[in-house]
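# Descriptive analysis of the structure
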Number of protein chains: 2
Amino acid sequence: MDASGKQRPTMADVAAKAGVSRALVSIIFRGQPGASEGTRERVLRVADEIGYRPDSAARLLARGRSRTLGVMFTVHQTFHADLIQGIYPEAERLGYDVLLSAAAPGRSEAKAAEALLSHRCEALILLGPDAEAAYLDGLGQRAATVSVSRRVPHARVDFVHSAEGKGVRQAMEYLVERGHRRMVHIDGGRGPGSAERRRAYRAAMRRHGLESEARVIAGEHTEESGIEAGRLLLAERNRGQALPTAVLAGNDRCAWGLLMALTRAGVDVPRDVSVVGYDDSHLSHLMPIGLTTVRQDAALMAQYAVRFAVERLENPELEPREAVLDPKLVVRGTTDTAPKTLT
Amino acid sequence: MDASGKQRPTMADVAAKAGVSRALVSIIFRGQPGASEGTRERVLRVADEIGYRPDSAARLLARGRSRTLGVMFTVHQTFHADLIQGIYPEAERLGYDVLLSAAAPGRSEAKAAEALLSHRCEALILLGPDAEAAYLDGLGQRAATVSVSRRVPHARVDFVHSAEGKGVRQAMEYLVERGHRRMVHIDGGRGPGSAERRRAYRAAMRRHGLESEARVIAGEHTEESGIEAGRLLLAERNRGQALPTAVLAGNDRCAWGLLMALTRAGVDVPRDVSVVGYDDSHLSHLMPIGLTTVRQDAALMAQYAVRFAVERLENPELEPREAVLDPKLVVRGTTDTAPKTLT
DNA sequence: TACACAGACTAGAGCGCGCTAGTAGAGCGC
DNA sequence: GCGCTCTACTAGCGCGCTCTAGTCTGTGTA
């Protein structure tokens, strides 16, 4: 508006125009007591008129604290999107700002994390981090740090995850009850939670006397991985080997890929093969028949992550904590009783 | 390290410990000339020892400029993930920092954008914004703003998109050449680019004398939408109506949903129905047979977006510009010649 | 010897805000 | 009138950095 240029207006501008001191404007914008109703309204109106917005860099510099949470996620991980969606409201509720930084092919987690730190995030929430434990511990020393889905032993890092074992167990019980015996697991490699899921799968097979049937196909938490596993199984079938009657995928993305591969090859899911995912990422309920999956409550995990971060901020001496959320098998359309075949 | 507490070390600490002035440390950290090689090394070593990291809030406050680009995206839009991945390297190349802010159910685009602005982003890159043109124009007045995929007429906003018309035309030509006549379009509602795509579809149908066959099913750029359209078509078939021989989806997510719906119902793609997507988001090549789609080069679009933002920053007087990238039909496995049926 | 001049370094103001320590004035009891 | 409290407000320092305008050497030149 001013001919003076496009400089962004500051608190001083608002103060001058409203005929009060800078300090009072500050008080008003922080919602503190100490200003009369009339002045408050007038100042806010003036601020609005000249388009004033608080400068969070200055604000952040002035009060020692930034009240900002940094969230590191990985591009293309749909479950991360679910988590992010849950992080915003909880952070807002507690009066914290949220900054996002993505890891991607070509952009390491370290780079993403450093960016957050240099922007003065007080706490880091790492979604399924893949970096070395030593590095993550280092982050934990520098800021309140919460890891979601990935356990980081012996590190100053809080940990939020679902009870992977329980989830897998539920899925396996469900399948066994429905007559499945030839059940394969596509694992998630070194992805978050996959070690536990793998272990639980093996334990479940053992418990039902199916050790000889147990089979883990090495995979990842990606669609590619599911497709590849599907191709592998189909190739085996073409060589005369029987398909498994059920597949427990490492996560939903993997299940999704597998599903595509099987369905496109004319395999009927769930008639011929049952498929179970893991995550209940927002896509899972979309498919016409829906993906049977183990639900991790993203919103709740997000809430815990934010609270852990904030509580650690308020009390840095806290010992690293762990939140274990109970996952829950969500039965949809990709599972059925085992096909009647001779074993 | 110090018993004095966990205060994060500042430039003054480095200066004191290295026995030089704060100013010199600043010079060194900015990589400016004016310090001897020896001092430079020593200071950097000391800084490393005490774990000093520049505080970008203070830095940003001190120099007028933040050299930070704010990127607003929508959670769960896979194509946005592709774009983000492309934005980082280009921004880094030009010496800019990147901050991300997500719009999500429950978090409006305005909120996301304001967050970026208050963190002093100098420029905004909006990925497929959905807000009102007037609001976006407002943003354009306040910061260098680039919209990707969504045209914002009469607004102070640069625009990067692909030539939607061309892409659709290529797809339609391809289908017509292969004998398709009953071709349906699932549109993207008011999603970015969908108006143009819809227009181009209609024009193509007209050009081939297929006006009477033209049909647009209202949709969105989501998997749900594709599934729903699929259900609609299947329901029609069950009432005796013929399926279309080809479907042009509003984007890849929609195509993906449609594909699931059709395949699950026993419809063979591409034998019975050909499906074409739009975006070439990173999933499209994953499916076993791959999705035939119109490629928008995400990396290139990201580059343009970043450059536009930076150039506008350097020269605010610039008239709003538009980058139109040529899309390209990528033929994969979801399209085939039209089934031989009597029309 | 005097003087310019480069290179290496420093003093100190100021970025926009938060916050502590105040002040001015109204209202009240005595 | 005095002291007191309470509300409404203000002065001004300091957050950690950048940047302008220096100072202080040592060296080359007349």
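Residues numbered from 1 in each chain as written. Chains lettered and ligands numbered in written order. Predicted model: local features only at pLDDT ≥ 70, side-chain atom pairs only at ≥ 80, totals over all residues. Heavy atoms only, no water.

Okay, the nonpolar core next. With 67 residues, the main nonpolar core has Leu-69, Leu-100, Ile-125 and Leu-127 of chain A together with Leu-100, Ile-125 and Leu-127 of chain B as its most contacted residues. Among the elements that take part in this core, helix α12 (residues 298-314) of chain A stands out by supplying 9 residues, more than any other. Each residue touching Ile-125 of chain A, except ones within four places of it in the same chain, is listed here: Leu-69, Gly-70, Val-71, Met-72, Ile-87, Val-146, Val-148, Ala-305, Val-306 and Ala-309 of chain A. The next biggest cluster of nonpolar side chains, apart from the first, holds 42 residues, and it includes Val-184, Val-247, Leu-262 and Val-267 of chain B. (Core = buried A, V, L, I, M, F, W, Y, C linked by side-chain atoms within 4.5 Å. Buried < 20%, exposed > 50% of the residue type's maximum accessible area, 1.4 Å probe, protein only. Helix = DSSP H or I, 4+ residues; strand = E, 2+ residues; numbered from the N terminus. Contact = heavy atoms within 4.5 Å.)

In this section: the protein's contact with DNA strand C. Close to DNA strand C lie 26 residues; Met-11, Arg-22, Arg-30 and Arg-59 of chain A together with Ser-21 of chain B are nearest. When atoms of DNA strand C within 4 Å of the protein are sorted by moiety, sugar and phosphate together comprise 64%. The side chain of Ser-26 of chain A places a nitrogen or oxygen atom 2.9 Å from a phosphate oxygen of DNA strand C. Between DNA strand C and Leu-61 of chain B there is a distance of 3.4 Å, counted from a base oxygen to a backbone nitrogen or oxygen. Mapped onto the surface near DNA strand C, the elements with two or more residues apiece are α2 (22-29) and α4 (56-62) of chain A together with α2 (22-29) and α4 (56-62) of chain B. Its residues assigned to classes, the surface near DNA strand C comprises 12 nonpolar, 6 polar and 8 charged. (Near = heavy atom within 4 Å. Polar contact = N/O pair within 3.5 Å; in protein donor to acceptor, adjacent residues only side chain to side chain. Nonpolar A, V, L, I, M, F, W, Y, C, P; charged D, E, K, R; others polar.)

Here we come to the protein's contact with DNA strand D. In the region of DNA strand D, 26 residues are neighbours, and Ser-21 of chain A together with Met-11, Ser-26, Arg-30 and Tyr-52 of chain B sit closest. Here the atoms of DNA strand D within 4 Å of the protein split so that 65% fall in sugar or phosphate, with bases taking the remainder. Measuring from a base oxygen of DNA strand D, one finds a backbone N or O atom of Leu-61 of chain A at 3.3 Å. Separating a phosphate oxygen of DNA strand D from a backbone N or O atom of Met-11 of chain B is a distance of 2.4 Å.

Turning our eyes to something else, we now look at the interface of chain B and chain A. Each partner contributes to the interface: chain B provides 56 residues, whereas chain A provides 56 residues. Of the roughly 4900 Å² buried where chain B meets chain A, counting both sides, 59% is carbon and sulfur surface. Scanning the region where chain B abuts chain A turns up 6 salt bridges. Counting across the interface, chain B meets chain A through 18 residue pairs in polar contact (both at pLDDT 80 or more). Per-class residue counts for the side of chain B that touches chain A are 28 nonpolar, 11 polar and 17 charged. (Buried area = accessible area lost by both parts, 1.4 Å probe. Salt bridge = Lys/Arg side-chain N within 4 Å of Asp/Glu carboxyl O.)

Turning our eyes to something else, we now look at the environment of Pro-54 of chain A. Relative to the assigned elements, Pro-54 of chain A resides in the loop between α3 (37-50) and α4. A C-alpha to C-alpha distance of 7.5 Å links Pro-54 of chain A and Thr-10 of chain A, two positions 44 residues apart in sequence. The residues contacting Pro-54 of chain A, other than those within four sequence positions of it, are Arg-8, Phe-29 and Arg-59 of chain A together with Ser-118 of chain B.

Another point: the side chain of Thr-145 of chain B. Residues and elements named next belong to chain B. Locating Thr-145 in the fold gives a position in strand β4 (residues 144-148). Given the relative accessible area of 0%, Thr-145 is considered buried. In contact with Thr-145, not counting residues within four places along its chain, are Leu-124, Leu-126, Leu-139, Gly-140, Arg-156, Val-157, Asp-158 and Arg-312.

Aligned on chain A, chain B shows an RMSD of 0.3 Å; the corresponding rotation is 180° and the shift along the axis is 0.1 Å. Such a combination of rotation and displacement between the chain copies is what one expects of a two-fold axis. A high fraction, 98%, of the interface residues of chain B reappear at the interface in chain A, so the copies pair face to face through one surface. (Least-squares fit on C-alpha atoms with pLDDT ≥ 70 in both.)

With that out of the way, let us pick up the domain arrangement of chain A. Residues and elements named next belong to chain A. What the domain assignment reports for chain A is domain 1 (11-54), domain 2 (68-162 + 298-326) and domain 3 (164-296). Computed over C-alpha atoms only, the centres of domain 2 and domain 3 are separated by 28 Å. Residue-level contacts link 14 residues of domain 2 with 15 residues of domain 3. Overall, the association of domain 2 and domain 3 removes approximately 1300 Å² of surface from exposure, summing both partners, and the carbon and sulfur fraction of that is 38%. Along the contact surface separating domain 2 from domain 3 lie 3 salt bridges. Close ionic contact of Arg-190 with Asp-130 constitutes a salt bridge, the shortest N to O distance being 3.4 Å. Counting across the interface, domain 2 meets domain 3 through 9 residue pairs in polar contact (both at pLDDT 80 or more). Of all the elements in the fold, those that place two or more residues in the side of domain 2 that touches domain 3 are α5 (78-93) and α12. Looking at side-chain class alone, the side of domain 2 that touches domain 3 contains 3 nonpolar, 6 polar and 5 charged residues. (Domains from an automatic or database assignment.)

What follows deals with the environment of Leu-234 of chain B. Residue and element names in this part refer to chain B. For Leu-234, the location among the structural elements is in helix α10 (residues 223-238). The class for Leu-234 is buried, based on a relative accessible area of 10%. The spacing of Leu-234 and Arg-206 is 28 residues in sequence and 26 Å in space, taken between C-alpha atoms.

For the rest of this paragraph, the subject is the pattern of salt bridges. According to the stated counting rule, one finds 48 salt bridges over all chains in the structure shown. Between Asp-187 of chain A and Arg-198 of chain A there is a salt bridge; the shortest N-O distance is 2.4 Å. Of this pair, Asp-187 of chain A sits in the loop between β6 (183-186) and α9 (194-207) while Arg-198 of chain A sits in helix α9, placing them 11 residues apart in sequence. Through salt bridges with shared partners, one network takes in Arg-53 of chain A together with Glu-114 and Arg-142 of chain B.

A word on the state of the cysteines. Under the defined criterion, the tally for this structure stands at 0 disulfides over all chains. As a non-bridged cysteine, Cys-121 of chain B has Cys-121 of chain A as the owner of its nearest cysteine sulfur, 12 Å distant. (Disulfide = S-S within 2.5 Å.)

The description of two aromatic rings rests on the distance between their centres and on the angle between their planes. For the structure shown, the criterion picks out 6 aromatic pairs over all chains. Taken together, a centroid distance of 5.0 Å and an interplanar angle of 80° make the contact between Phe-29 of chain A and Tyr-52 of chain A edge-to-face. With Phe-29 of chain A in helix α2 and Tyr-52 of chain A in the loop between α3 and α4, the pair connects residues that are 23 residues apart, well separated along the chain. The class of Phe-29 of chain A is partly exposed, set by a relative accessible area of 24%. When the ring of Trp-256 of chain A is compared with that of Trp-256 of chain B, the centres are 5.5 Å apart and the planes differ by 45°; the resulting orientation is tilted. Taken together, the residues span two chains, with Trp-256 of chain A in helix α11 (residues 252-264) and Trp-256 of chain B in helix α11 (residues 252-264). (Phe/Tyr/Trp six-rings, centres within 6.5 Å; stacked < 30°, edge-to-face > 60°.)

Turning our attention to unusual backbone geometry. Residue and element names in this part refer to chain A. The omega angle of the peptide bond from Val-269 to Pro-270 is 15°, so this bond is cis rather than trans. Along the chain, Pro-270 turns up in the loop between α11 and β9 (274-279). The phi angle at Arg-67 is positive, at roughly 50°, despite the residue not being glycine. Turning to its location among the elements, Arg-67 is positioned in the loop between α4 and β1 (68-74).

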